[in-house]
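Take a look at the letters that make up each chain.
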Amino acid sequence: MKIIFESCSENEAFARTVVAAYITRLNPTLEELSDVKTAVSEAVTNCIIHGYEGGEGDIVMECCIHNSDINITIEDYGIGIEDIEKAMEPLYTTRPEWERSGMGFAFMEAFMDKLDVESVPGKGTKVILKRTIGSCG
């Protein structure tokens, strides 16, 4: 599944809903569903706030199910990340004036089994989220 949507805050809820509907065939628990939706929210919010700095642009979300694994890729074509390692530190934010907590990547890591971030300054960022549904942890 692949969708492209505008980088506006209203589409964060849209992305959550689409992913939730897509993974229902895996019969996730409410906790698994909530975890995946939260990780997607954080990734999409990062695109809007940091990738496009609140401006216009497209966000691409791709989902793939293989057996009981869900792979979700969320990508923007915004400003990119200069230092991915620094950006992934808990409490680090480039937007303190927007009262951002700097916990987006930490939440994504906590709620998913695997998180990969690829970015090229000036070209955008790709977040790859992976989770096995139905595992005990």
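The notes below deal with the structure included here. For every chain, the first residue of the written sequence is number 1, and numbering continues from 1 onward in sequence order. A pLDDT threshold of at least 70 governs which residues receive local features in this predicted model, and a stricter bar of 80 or more applies before side-chain atom pairs are shown or counted, although totals over entire chains, interfaces and linings include all residues. Values reported for side chains reflect all heavy atoms of the structure, with hydrogen atoms and water molecules removed beforehand.

**A short note on the pairing of strand β5 (residues 124-132)**
Part 1 of the argument: Only when DSSP finds a minimum of two bridges between them are two strands counted as paired. By definition, any uninterrupted DSSP run of H or I lasting at least four residues is a helix, any uninterrupted run of E lasting at least two residues is a strand, and each is numbered from the N terminus. In this structure, strand β3 (residues 69-76) lies alongside β5, joined through eight bridges in antiparallel fashion. Counted as the bridge partner of I74 is V127 from β5.
Part 2 of the argument: As paired strands, strand β4 (residues 114-120) and β5 are joined by seven bridges and run antiparallel to one another. Note that in β5 the partner of V120 across the bridge is G124.

**Observations concerning unusual backbone geometry**
Part 1 of the argument: Positive phi is not limited to glycine here, since N27 has a value of about 55°.
Part 2 of the argument: The topology assignment puts N27 in the loop between α1 (10-23) and α2 (30-51).
Part 3 of the argument: Note on classification: 1.4 Å probe, protein chains only; a residue is buried when its accessible area is under 20% of the maximum for its type, exposed when over 50%, partly exposed between these limits. Taking the relative accessible area as the measure of exposure, N27 reaches 66% and is therefore exposed.
Part 4 of the argument: The phi angle at E53 is positive, at roughly 50°, despite the residue not being glycine.
Part 5 of the argument: Among the secondary structure elements, E53 is positioned in the loop between α2 and β2 (58-66).
Part 6 of the argument: Here E53 falls in the partly exposed class, since its relative accessible area comes to 42%.

**Observations regarding the sheet that holds β5**
Part 1 of the argument: If you trace the five strands from one edge of the open sheet to the other, you get β1-β2-β3-β5-β4, paired in antiparallel fashion. The open sheet has two edge strands, β1 (2-6) and β4, and neither has a second partner. On average, each strand axis in the sheet is tilted by 15° relative to the strand beside it, whichever way the strands run.
Part 2 of the argument: Relative to β3, β2 runs antiparallel, the two being bridged by eight bridges. In the sheet register, H66 faces β3, and the bridge partner there is D69.
Part 3 of the argument: Contacts were defined at the residue level, with two residues in contact if any of their heavy atoms lie within 4.5 Å. Throughout, an axis means a line fitted to C-alpha atoms (over the contacting stretch in the case of helices), and angles, computed between N-to-C directions, take values from 0 to 180 degrees. α2 rests against β1, β2, β3 and β5 of the sheet, and its axis sits at about 15° to β3.

Function-wise, these values are silent; they only describe arrangement.
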